[in-house]
Amino acid sequence: MADKSEELAKSLEDLRAEVKELREMVNMLVDLVINMDHEESPDYDSDFMDFGSLQRDHRFSM
């Protein structure tokens with residue numbers, strides 16, 4: 001009976017460790033997604049490329 005209780009306790013400890021690792025991974029992924037949504041690149045302005053020449057040519061207009 002003691003062996004079964006020890007095995008059960010060991011299994012519970014293993015499961016708790018795995019759950020903790022999974023929580024850490026999920027938190028890391030959530031942080032990545034949140035940072036991707038809020039990340040704005042300051043290197044490029046809205047007028048990064050000059051589309052003025054393309055706007056005059058109607059072949060490239062939608």
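Cut-off values and rules
Residues numbered from 1 in each chain as written. Predicted model: local features only at pLDDT ≥ 70, side-chain atom pairs only at ≥ 80, totals over all residues. Heavy atoms only, no water. Helix = DSSP H or I, 4+ residues; strand = E, 2+ residues; numbered from the N terminus. Buried < 20%, exposed > 50% of the residue type's maximum accessible area, 1.4 Å probe, protein only. Areas by Shrake-Rupley, 256 points an atom, 1.4 Å probe, with all protein chains shown as cover. Patch = residues over 30% accessible without salt bridge, like charges linked within 9 Å, V, L, I, M, F, W, Y side chains within 5 Å. Salt bridge = Lys/Arg side-chain N within 4 Å of Asp/Glu carboxyl O.

Draft legend 1. Molecular detail of the overall build of the protein chain. Summing up its helical and strand segments, the protein chain has 2 helices and 0 strands in all. Burial status across the protein chain gives 0% buried among its 62 residues. Element-wise, carbon and sulfur atoms account for 56% of the exposed surface of the protein chain, whose accessible area totals about 6700 Å².

Draft legend 2. A look at a nonpolar patch on the surface. A surface patch of nonpolar side chains, amounting to about 290 Å² of accessible area, comprises Leu8, Leu12 and Leu15. Tracing the sequence through the fold places Leu8 in helix α1 (residues 2-38).

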